[in-house]
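Survey of secondary and tertiary structure
Each chain, written out:
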Amino acid sequence: FNAAIAAWSRSGQKGAAQKAEELLRKMETLYDEGNNNVAPNVFTFTSVMNGWAKSGERGSAQRAEILLKVMEVMYKQGNKAVKPNVQHFTTVINAWARSGEREAGEHAEKLLERMDKLYKAGDMGVKPNSFTLTAVIDALAKSGERDSVTRADQILKRMEQLYKEGDVDVKPNVRTYNSVINAWSKSGQINAAQKAEGILKRMETLYEAGDEDVKPTVISFSSAINAWASSTDPGKARKTYEILQRMEKIYKQGDKDVRPNVFTYTSVINACATCYGNEKEMDEALYLAYSTFKALEDSDYGKPNHVTYTTFLKACSRLIPTEGRRRKILSTVFKKCCSEGQVSENCLAQFRYAAPQDLFVNVMGGIRTVDIDSITVEDLPSEWTKNVKAAR
């Protein structure tokens, strides 16, 4: 039974977790009927819980938590073979983190509270570790609950303090820090960008001091850039550009883990496209957007994709003050996008919004349609859209 359950749980097939649980229920029935050879044990429950945690199916986190509660009840009734441990709790917390449900963070915190209570009562087997606490942070980061980012940040600080006091089991690692940076980047809170970059700088300082476990990666830098891009803070275009330059410098010094990618460059352009301020700041944002776009074109990190072109068109539309220059650059950029086969529905919509009608009609001139405003990517030459990935 255990082998079959493990196979279903690892298969990744739709409905596999349900199949694994059905086998568990069958084992329980046979055991209740007196067949001691098929008694479910820790391995059995672990496999089924892992199946639900990895399934991504609706309600999977709740199903995993129900199994954990069943184990707790069975253990209290005297079945020592199913005693829950830190792995089981962490698996359920990870299931909530993957669930995408809004209350995931709350469920994860309640599980952590249960673990703390059991541990303080003497159950050493459920002592939370860095994997547990990082999973709770991840659940909070993805939940979007009110104040979830503050709670995630508090857990990180708790881990740092406990580690300083000698508890090596809760030492924060790169995934822990990345999860908190990501939480700040998505929070929409005032000063979120400063908080995110502050954590990144903390990682850099710790790594330079010899802590290999917190070595920043491309995710660390990109999340910090995204935090600035999502903010309404003045000077955010310059901030993102400076972080990108740091990445490039570190990468060229030999650190392959911080190699910038198309997403990184596009996030910097997005920060420029959505900046606010006086004429000087808007001019600088335009310069930085162009410099970033050109640098990506000339790099070996990848080439501008449909999202990059859409974002750069938005930047040109918002930041170029004179109509004649704006018209010329919009035309040049969109034609380049067409020649690269990167025109997506969003890119077409952005060009339609940004360009004067006569320019849009002129560029679309060869396309036969009753209404020029009704053009979709389906009406465009295939050469214009051939390299768009997952856009339609």
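The notes below deal with the structure included here. (Residues numbered from 1 in each chain as written. Predicted model: local features only at pLDDT ≥ 70, side-chain atom pairs only at ≥ 80, totals over all residues. Heavy atoms only, no water.)

Attention now moves to the pattern of salt bridges. Going through the model one piece at a time under the given rule, you end up with 28 salt bridges. As a salt-bridge pair, Glu 21 and Arg 63 come within 3.4 Å of each other at their nearest N and O atoms. Of the two residues, Glu 21 is situated in helix H2 (residues 16-32) and Arg 63 in helix H4 (residues 60-76); the sequence distance between them amounts to 42 residues. A salt bridge links Asp 153 to Lys 157; the nearest nitrogen and oxygen atoms lie 3.3 Å apart. Separated by four residues within a single helix, Asp 153 and Lys 157 lie in helix H8 (residues 148-164), roughly one turn from each other. With a relative accessible area of 9%, Asp 153 lands in the buried category. A single network of salt bridges, built from pairs that share partners, joins Glu 21, Arg 25, Glu 28 and Arg 63. (Salt bridge = Lys/Arg side-chain N within 4 Å of Asp/Glu carboxyl O. Helix = DSSP H or I, 4+ residues; strand = E, 2+ residues; numbered from the N terminus. Buried < 20%, exposed > 50% of the residue type's maximum accessible area, 1.4 Å probe, protein only.)

A word on the packing of aromatic side chains. In this structure the tally under the stated criterion is seven aromatic pairs. Between the aromatic rings of Phe 293 and Tyr 309, the centroid separation amounts to 5.4 Å while the plane-to-plane angle is 70°, which identifies the pairing as edge-to-face. Of this pair, Phe 293 sits in helix H14 (residues 279-298) while Tyr 309 sits in helix H15 (residues 306-319); the two residues are 16 residues apart in sequence, bridging distant segments of the chain. Here Phe 293 falls in the buried class, since its relative accessible area comes to 5%. Judged by centre distance (4.0 Å) and plane angle (5°), the ring pair of Phe 334 and Phe 351 falls under stacked. Of this pair, Phe 334 sits in helix H16 (residues 323-339) while Phe 351 sits in helix H17 (residues 345-354), placing them 17 residues apart in sequence. Both residues of the pair, Phe 334 and Phe 351, count as buried. (Phe/Tyr/Trp six-rings, centres within 6.5 Å; stacked < 30°, edge-to-face > 60°.)

Turning our eyes to something else, we now look at the state of the cysteines. Going through the model one piece at a time under the given rule, you end up with zero disulfides. Between Cys 275, a cysteine without a disulfide, and Cys 272, which holds the nearest cysteine sulfur, the sulfur-to-sulfur distance is 6.7 Å. Judged by relative accessible area, which is 1%, Cys 275 ranks as buried. Between Cys 316, a cysteine without a disulfide, and Cys 272, which holds the nearest cysteine sulfur, the sulfur-to-sulfur distance is 11 Å. (Disulfide = S-S within 2.5 Å.)

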